[in-house]
Amino acid sequence: MVLLLDNRPCHSPSSDLEDTRPSLVGLGRAQLAEALASIGVPPKHLRMRVAQLWSWIYVRGVTSFDQMTDISKDLRARLDAAYTLARPEIVREQVSVDGTRKWLLRLPRRGREVMPPEIETVYIPEIDRGTLCISSQVGCTLNCSFCHTGTQRLVRNLEVQEIVGQIMLARDRIGDWPGAEPPGDGRLLPSTERKITNIVLMGMGEPLYNFENVKAAMEIASDGEGLSISKRRITLSTSGVVPEIPRWGAESGTMLAISLHATRDDLRNELVPINRKYPIAELMAACRAYPGLSNAKRITFEYVMLKGVNDSLADAKELVKLLRGIPAKINLIPFNPWPGTKYECSDWEQIERFAEVVNRAGYASPVRTPRGRDIFAACGQLKSESMRLKASALRASEATGS
Ligand code: SAH
Ligand code: SF4
């Protein structure tokens, strides 16, 4: 069963009267200071005011300046006249029977964009954690043959605000702010009670192609005086942009996941075409050199299970051989099919046999249980569904001449 909580029409009347005030949500400290200075906050007060805003925005998650009770009424009014605390706009929210939630978000148009771009964010609750899967780009330039995101035309990097905005919006929607759930006495929730405990950069886009913005956004997400999500609980997934891997390791301190999907260059060239530029041997060398690796800090290797393509037991043995010597986890991902794809997901028995080979080699290899299947919670799918809806609406209007 799918529960649709919000399904606004694409062109609601309100979108014609766009609020031109910029939002402060998702800004870093330096930008907040600039925003405050530009409404006349004197330089000697900036540090304190930034600290106050930081805490209201990122610890409390407030959505109105009126809630900022330690800021004078006058300054609150000036803030409200110039800025908002708006999150990205929700086009659609879907809730799966298993609790997975998926949001299709609309971003403001930039530059010469004709249509406002749309991205998706997914929340996956589990017993011991809650993982938020966020996007780093609109679409993706990389065209992996099994991934629907790669088929989308419009591609642009997300701004820092748009990346952080996904976390803020998800926390709003699942009530993940202090006091948002009983007993509601305003106390700060200890981190174990938080619903979003982990972030994975596994939504739309190649995060290492948007290096600076993703890095700045993860600094805000992991800030100990703000959103406070530990870098050990943030994982960046890359298709293998080899030159950026050491830089990301040195500068960011997050965990790393590699979309491997094949153990031979000929097959990986086809599945993950960036492999033609950075072949497997180079990718493995970058992984071996990733800073701080240990048994407690391992690289995750993602391996999508494609029937008759990469799922033989010989492939499983090659995989184990390839990863020898690297502190690694292996995630076997059942392929999530999309309309028009030439691939099928491997049979469940084959996935189990494959996992057994991997397990015997000493890897705990959880098969990522398909979550939110009823709401198509896979890379690129909600977005494409909405595009189809728009296309059919267009055809209908053409047919009726309206
Ligand atoms: N661009 C980055 C991160 C986003 S994709 C990357 O490729 O790593 C996140 C993960 O979802 C990747 O491992 C990707 O290969 C996988 N993926 C993409 N489409 C999929 C599909 N249809 N079914 C299962 N996994 C998919
Ligand atoms: Fe881009 Fe990742 Fe999809 Fe490949 S798998 S097309 S890199 S989003």
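Rules used in this analysis
Residues numbered from 1 in each chain as written. Chains lettered and ligands numbered in written order. Predicted model: local features only at pLDDT ≥ 70, side-chain atom pairs only at ≥ 80, totals over all residues. Heavy atoms only, no water. Helix = DSSP H or I, 4+ residues; strand = E, 2+ residues; numbered from the N terminus. Buried < 20%, exposed > 50% of the residue type's maximum accessible area, 1.4 Å probe, protein only. Contact = heavy atoms within 4.5 Å. Areas by Shrake-Rupley, 256 points an atom, 1.4 Å probe, with all protein chains shown as cover. Salt bridge = Lys/Arg side-chain N within 4 Å of Asp/Glu carboxyl O. Arc of directions from axis to C-beta. Near = heavy atom within 4 Å. Nonpolar A, V, L, I, M, F, W, Y, C, P; charged D, E, K, R; others polar. Core = buried A, V, L, I, M, F, W, Y, C linked by side-chain atoms within 4.5 Å. Domains from an automatic or database assignment.

**Student:** What should I look at first to understand the overall build of the protein in this one?
**Tutor:** A count of helices and strands for the protein gives 11 helices and 12 strands. Across the 402 residues in the protein, those meeting the buried criterion constitute 52%. Pairs at least 24 residues apart make up 68% of the contacts formed inside the protein by residues separated by at least 6 positions. Accessible area of the protein: about 18,600 Å², with a carbon and sulfur share of 54%.

**Student:** How should the pattern of salt bridges be read in this particular structure?
**Tutor:** Should the charged atoms of two oppositely charged side chains come close, the side chains can pair. Going through the model one piece at a time under the given rule, you end up with 27 salt bridges. Between Glu318 and Lys321 there is a salt bridge whose closest N-O contact spans 3.8 Å. Taken together, the residues Glu318 and Lys321, both in helix H9 (residues 313-322) and 3 residues apart, mark about one turn of the helix. For Glu318, a relative accessible area of 36% gives the class partly exposed. Here the salt bridges share partners, and the residues they tie into one network are Arg110, Glu113, Arg156, Glu159 and Glu162.

**Student:** Please explain helix H1 (residues 29-37) as it appears in this structure.
**Tutor:** In an α-helix, one turn spans 3.6 residues, which is why side chains three or four residues apart end up on the same side. Within H1 the residues assigned to the buried category are Leu32, Ala33, Ala35 and Leu36. Summarising the axial view, the buried residues of H1 lie within an arc of 160°, below the 170-degree limit, and thus occupy one face. Against the buried residues of H1 lie helix H2 (43-60) and helix H3 (73-82).

**Student:** Please explain unusual backbone geometry as it appears in this structure.
**Tutor:** What you tend to see is this: most non-glycine residues have negative phi, and most peptide bonds are trans. The phi torsion at Asn143 lies on the positive side, around 55°, for a residue other than glycine. Mapped onto the secondary structure, Asn143 falls in the loop between strand E6 (137-138) and strand E7 (156-157). A residue is classified by how much of its surface remains accessible, and Asn143, at 45% relative accessible area, is partly exposed. Unusually for a residue other than glycine, His261 sits at a positive phi of about 70°. Mapped onto the elements, His261 comes out in the loop between strand E10 (255-259) and helix H7 (265-271).

**Student:** Just to check I follow, could you spell out the site of ligand 2 for this structure?
**Tutor:** Near ligand 2 the following residues occur: Cys140, Leu142, Asn143, Cys144, Cys147, Gly150, Gly205 and Ser239. Grouping the amino acids of the shell around ligand 2 by side-chain chemistry returns 4 nonpolar, 4 polar and no charged.

**Student:** Is there a simple way to explain the nonpolar core in this structure?
**Tutor:** Soluble globular proteins: nonpolar side chains tend toward being buried together. In this structure, Leu24, Ile57, Phe146 and Phe301 are the most contacted members of the largest nonpolar core, which totals 105 residues. Two domains each donate at least three residues to this core, and these are domain 1 (29-82) and domain 2 (89-390). When sequence neighbours within four positions are dropped, the list of residues in contact with Phe146 reads His261, Leu271, Val272, Val304, Leu306, Phe335, Trp338 and Tyr343.

Without other data, these values stay purely geometric and don't point to any function.
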